[in-house]
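This is what each chain is made of:
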Amino acid sequence: MPEMELRDLLMIYPFTKPTGIFDRKRARLAREMEQKSPYTTNEGVIALQKFSLTVEHGEFLVLLGPSGCGKTTLLRLIAGLETPVQGQILMDGKCVNELPPEQRDIAMVFQNFSLYPHLDVYENLAFTLKNQRMPRDELDARVREVAEILQLTRVLDRRPKELSGGQQQRVAIGRAIIRRPKLFLMDEPFSNLDPALRGQLREAVRRLHAHLGTTFVYVTHDQKEALSLGTRIVVMKDGMLQQEGTPRDVFNRPVNRFVASIVGEPPMNFFENCSVFRESRTVEVLGKRFRLPSCPDRDRVTVGIRPVHMEVGAGEISGTLEQTLPLGSETLLTVKTDGGSVRVVVPESQGLSWIRGQQVLLSVESRRLHLFDPETELRL
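Residues numbered from 1 in each chain as written. Predicted model: local features only at pLDDT ≥ 70, side-chain atom pairs only at ≥ 80, totals over all residues. Heavy atoms only, no water.

Student: Even after reading the chapter, I still don't get the side chain of Asn269, so can you show me in this structure?
Tutor: For Asn269, the location among the structural elements is in strand 11 (residues 269-277). Only 2.9 Å separates the side chain of Asn269 from the backbone oxygen of Arg343, close enough to count as a polar contact. Those residues in contact with Asn269 that lie beyond four places of it in its chain are Val303, Gly304, Ile305, Arg306, Pro307, Met310, Val342 and Arg343. (Helix = DSSP H or I, 4+ residues; strand = E, 2+ residues; numbered from the N terminus. Polar contact = N/O pair within 3.5 Å; in protein donor to acceptor, adjacent residues only side chain to side chain. Contact = heavy atoms within 4.5 Å.)

Student: How should the pattern of salt bridges be read in this particular structure?
Tutor: Opposite charge on two side chains permits pairing when their charged atoms draw close. Taken as a whole and judged by the stated rule, the model has 17 salt bridges. Note that Glu59 and Arg232 form a salt bridge whose closest N and O atoms lie 2.6 Å from each other. Separated by 173 residues along the polypeptide, Glu59 in the loop between strand 2 (44-55) and strand 3 (60-64) and Arg232 in strand 9 (residues 232-237) bring together distant segments of the chain. Between Glu225 and Arg202 there is a salt bridge, with the nearest N and O atoms lying 3.4 Å from each other. Of the two residues, Glu225 is situated in helix 7 (residues 223-229) and Arg202 in helix 6 (residues 195-212); the sequence distance between them amounts to 23 residues. Take Glu225 and Arg202: they sit in the same class, and that class is buried. In the salt-bridge network here, residues are joined through shared partners; they are Arg198, Arg202, Asp222 and Glu225. (Salt bridge = Lys/Arg side-chain N within 4 Å of Asp/Glu carboxyl O. Buried < 20%, exposed > 50% of the residue type's maximum accessible area, 1.4 Å probe, protein only.)

Student: Where do I start with the sheet that holds strand 3 in this structure?
Tutor: By definition, the strands of a sheet pair up through backbone hydrogen bonds, in either a parallel or an antiparallel sense. The six strands lie next to each other as 6-7-8-3-9-10, forming an open sheet whose pairing is mixed. Because the sheet does not close on itself, it has two edges, and the strands there are strand 6 (106-109) and strand 10 (240-245). Across this sheet, the average inter-strand angle for adjacent strands is 15°, counted without regard to direction. Strand contacts of helix 2 (residues 71-79): strand 3, strand 6, strand 7 (183-187), strand 8 (215-220) and strand 9, with the helix running at about 150° to strand 7, the strand carrying the most contacts. Packed onto the sheet, helix 5 (residues 165-177) meets strand 6 and strand 7 and runs at close to 170° relative to strand 6. (Pairing = 2+ DSSP bridges. Axes fitted to C-alpha atoms, helices over the stretch in contact; angles between N-to-C directions.)

Student: I tried to follow the packing of helix 3 (residues 121-131) against helix 5 on my own but got confused; where do I start?
Tutor: Two quantities define a packed helix pair, namely the angle between the axes and the distance from one axis to the other. Remark: helix 3 packs on helix 5, axes separated minimally by 8 Å, with the N-to-C direction vectors making an angle of 25°. The orientation of helix 3 with respect to helix 5, classified from their angle, is roughly parallel. The two elements helix 3 and helix 5 meet at a crossing, and its hand is right-handed. Of helix 5, the residues touching helix 3 (which contributes Val121, Asn124 and Leu125) are Val171, Gly174 and Arg175. Classifying every residue of the contact of helix 3 with helix 5 gives three nonpolar, two polar and one charged. (Parallel < 35°, antiparallel > 145°, perpendicular 65-115°, else oblique. Left-handed = near helix turned anticlockwise from the far one by under 90°. Nonpolar A, V, L, I, M, F, W, Y, C, P; charged D, E, K, R; others polar.)

Student: Would you take a moment to explain helix 6 for this structure?
Tutor: Working note: α-helix, 3.6 residues per turn, so residues spaced by three or four point in the same direction. Compared with the 26 Å implied by 1.5 Å per residue over 18 residues, the 26 Å span of helix 6 between its first and last C-alpha is a close match. Leu197, Arg198, Leu201, Arg202, Ala204, Val205, Leu208 and His209 are the residues of helix 6 that are buried. The arc that holds the buried residues of helix 6, viewed along the axis, is 165°, so those residues lie on one side. Away from its buried face by more than 90 degrees, helix 6 exposes Ala196 and Ala210. On its buried face, helix 6 is in contact with strand 3, helix 4 (136-149), helix 5, strand 7, strand 8 and helix 7. Backbone geometry just after helix 6 places Gly213 at a positive phi near 70°. (Expected span 1.5 Å × (residues − 1). Arc of directions from axis to C-beta.)

Student: Would you mind going over the pairing of strand 7 with me for this structure?
Tutor: Both faces of the sheet carry side chains from a regular strand, because those side chains alternate between them. Within strand 7, five of the five residues are buried, leaving the element largely enclosed by the surrounding structure. Alternating positions in strand 7 separate into two faces, Leu183, Leu185 and Asp187 on one and Phe184 and Met186 on the other, with burial throughout. In terms of strand pairing, strand 6 meets strand 7 through four bridges, oriented parallel. Residue pairing in the sheet places Met108 in a bridge with Leu185 of strand 7. One ladder, built from five bridges, connects strand 7 with strand 8; its direction is parallel. In the sheet register, Phe184 faces strand 8, and the bridge partner there is Phe216. Crossover connection from strand 7 via helix 6 to parallel strand 8: handedness right-handed. (Right-handed = clockwise from strand over helix to strand, strands pointing away.)

As structure tokens, then:
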């Protein structure tokens, strides 16, 4: 039996209504923005549309998608902070739609730290256990165990204002895990931190998941975070599930153009209206024909190529270097070809130097091409 099952969840938020004479303009502007959503009813904005998903025991599930796609709404429904208009949330086979948050055995970490400023780290971690009237010896052992896991032992006597942002977020995570719930929910917990701290905390969360073996549901709009953390990724758009699978599956076989564009950095190159030649089972991209393993029943297709799958050197695609962007271990090149501008990632280990305006040759293997239907944008 899965840890959790979501069945046909529907969530609609009512349109904003003015609450006073001074709020009318603000409410009118908010309502205009809400009505621009492609999915609205007379009742309001549809945040989730017949959303179904199964979460297995012990997995690290990442919800990935742009702002407004329904990720946080889904997390709030699971936590019991909101009730779906339709559908069921089942945990261990039992429907929990009407179960209050405190009875769901779920811990949630928010984007903001939400620590008690007048308590030190030890007291912040111990707060929930004190309310549960846990014996002092057991409480102390639990606090020190969590502090050691999250590398907080040296700051147990400090208050939140004396901590760095990363330390504060580790305390917030510690307050969640100290109860040992059966499910962790994390809503973009690192988005307010600088890149270096985010990297450190991603590693800490990865270790934490391996240590606890508990189920994690993690929300992010950062595809790097999703690919590095998740055992399974769920890509969302407009309140609907677009694709679910392992990071490798989502990266290598995106089911549609949206998934292909949101997963992968730098973004995938797309080439519109590429001709398909059925007799020779080839497609023409950037002035070159590539043989296909199977020929789609289309005369024209959209072709996607990831920048990391293109190579500079010997090849049949010629172009002019327009721009270089050093990224540390690699360099991002923008090359102008007869078929349009192309982004190419070159490892810095190759030791090549680049001059704007120089001529370069590009190559790509046929198996690296992604073909999409121009109308439905589905993978072919």
